[in-house]
Amino acid sequence: MKQKKLVVGNWKRPTIKETEILAKKIKEKFSSFIDADVVVCPNNLSILEVSKILEESPVKVGAQNAYWEEKNPCTGETPPSMLLEANCRYVILGHHERRHVFKEDDEMVKNKLLSVLRVRDIVPIICIGETLDELKSGRRDYVLLEQIQHILSDVQLNFNQKIVVNYSPIWAIGTGNVINPKEAEEAAQVIKINLREVFGYDLVNSNFKVIYGGSINSENVHDFVVQENIDGVLVGGASVDADELYKIASLMSK
Ligand code: PEP
């Protein structure tokens with residue numbers, strides 16, 4: 001059976017109060033929505049409140065980061081088990097901003113992934129993507145494969161565990177520089193072929209999604225989700241407007 005497409009809203013900017021208002025609007029708008037899987041990822045300070053607001057909603061709650069250790073706590077970090085306790089069902093790992101600002105590398109992202117997989121019931125959204133220089137010098141596919149192979153190197157999947165790979169070209173995040181959908185499709189295909197080589201065709205079809213992120217809005221999303229290997233989108237700026245997020249999600253099955 002074909003999986004539903006996925007829309008992930010990365011809510012980076014709203015304050016606690018704004019997030020609460022936004023979550024209430026989302027609850028109302030999406031009350032009977034079934035055309036796609038929808039996830040919103042607020043700041044950690046808002047996760048409990050948003051989880052409560054969306055308790056009966058088809059929209060799931062995710063986090064923007066997780067720590068890689070359960071047993072050895074680290075000041076200021078949140079382990080996956082605590083995210084699960086707060087009803088998080090998804091978590092973004094290795095977002096470009098975390099790699100860039102906090103120097104997270106593929107080894108850290110891999111350890112975060114393993115720690116998320118150990119608690120089960122949370123779907124990791126692993127972010128990979130190339131810089132503009134890497135793209136211009138023709139190294140995009142090499143960079144993507146190096147990232148994905150490192151991050152997934154120690155993963156042993158059971159049949160229930162889902163994994164999302166988010167392809168976000170670094171130069172397209174939050175810039176309004178939209179990549180040609182055909183190029184996003186090419187990159188998604190490279191990622192899927194590699195996943196199939198490692199995990200097998202059936203498991204990739206049932207357990208993996210490859211999504212695209214970077215300056216997506218309701219005007220351009222259709223051209224991306226009609227591509228064969230793009231199973232959804234990660235949306236930053238446009239996702240903090242409930243009407244816009246609804247429009248984007250509604251275009252997933254068109
Ligand atoms: C993001 O924050 O992950 C993102 C994709 O942002 P935007 O949609 O604004 O480019």
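The notes below deal with the structure included here. The structure presented is a predicted model; accordingly, all values stated were derived computationally and were not measured.

Here the focus is unusual backbone geometry. A positive phi is found at Asn87, a non-glycine position, where the angle reads about 70 degrees. Mapping Asn87 onto the fold places it in the loop between α3 (80–85) and β4 (90–93). Here Lys103, not a glycine, exhibits a phi torsion of approximately 60 degrees, which is positive. Mapped onto the fold, Lys103 is located in the loop between α4 (96–102) and α5 (106–119).

Bringing the pairing of strand β3 (residues 60–63) into the picture now. Strand residues, when the strand is regular, have side chains that alternate between the two faces of the sheet. Strand direction decides the pairing type here: strand β2 (residues 37–41) and β3, joined by 2 bridges, are parallel. Its bridge partner being in β3, Val39 is matched across the sheet by Lys60. Crossover handedness for the path β2 to helix α2 (residues 44–53) to β3: right-handed. Inspection of the sheet shows β3 paired to β4 by 2 bridges, in the parallel sense. Its bridge partner being in β4, Ala63 is matched across the sheet by Val91. You can see the chain leave β3, run along α3 and come back into β4, and the turn it takes is right-handed.

To continue, consider the state of the cysteines. Counting across every chain of the model gives 0 disulfides. Left without a disulfide partner, Cys41 is nearest to the cysteine sulfur of Cys88, which lies 7.6 Å away. Cys41 gets classed as buried once you look at its relative accessible area, which sits at 0%. You can see Cys127 has no disulfide; the closest cysteine sulfur is in Cys41, sitting 9.5 Å from it. Judged by its relative accessible area of 4%, Cys127 is buried.

How each quantity is defined
Residues numbered from 1 in each chain as written. Predicted model: local features only at pLDDT ≥ 70, side-chain atom pairs only at ≥ 80, totals over all residues. Heavy atoms only, no water. Helix = DSSP H or I, 4+ residues; strand = E, 2+ residues; numbered from the N terminus. Pairing = 2+ DSSP bridges. Right-handed = clockwise from strand over helix to strand, strands pointing away. Disulfide = S-S within 2.5 Å. Buried < 20%, exposed > 50% of the residue type's maximum accessible area, 1.4 Å probe, protein only.

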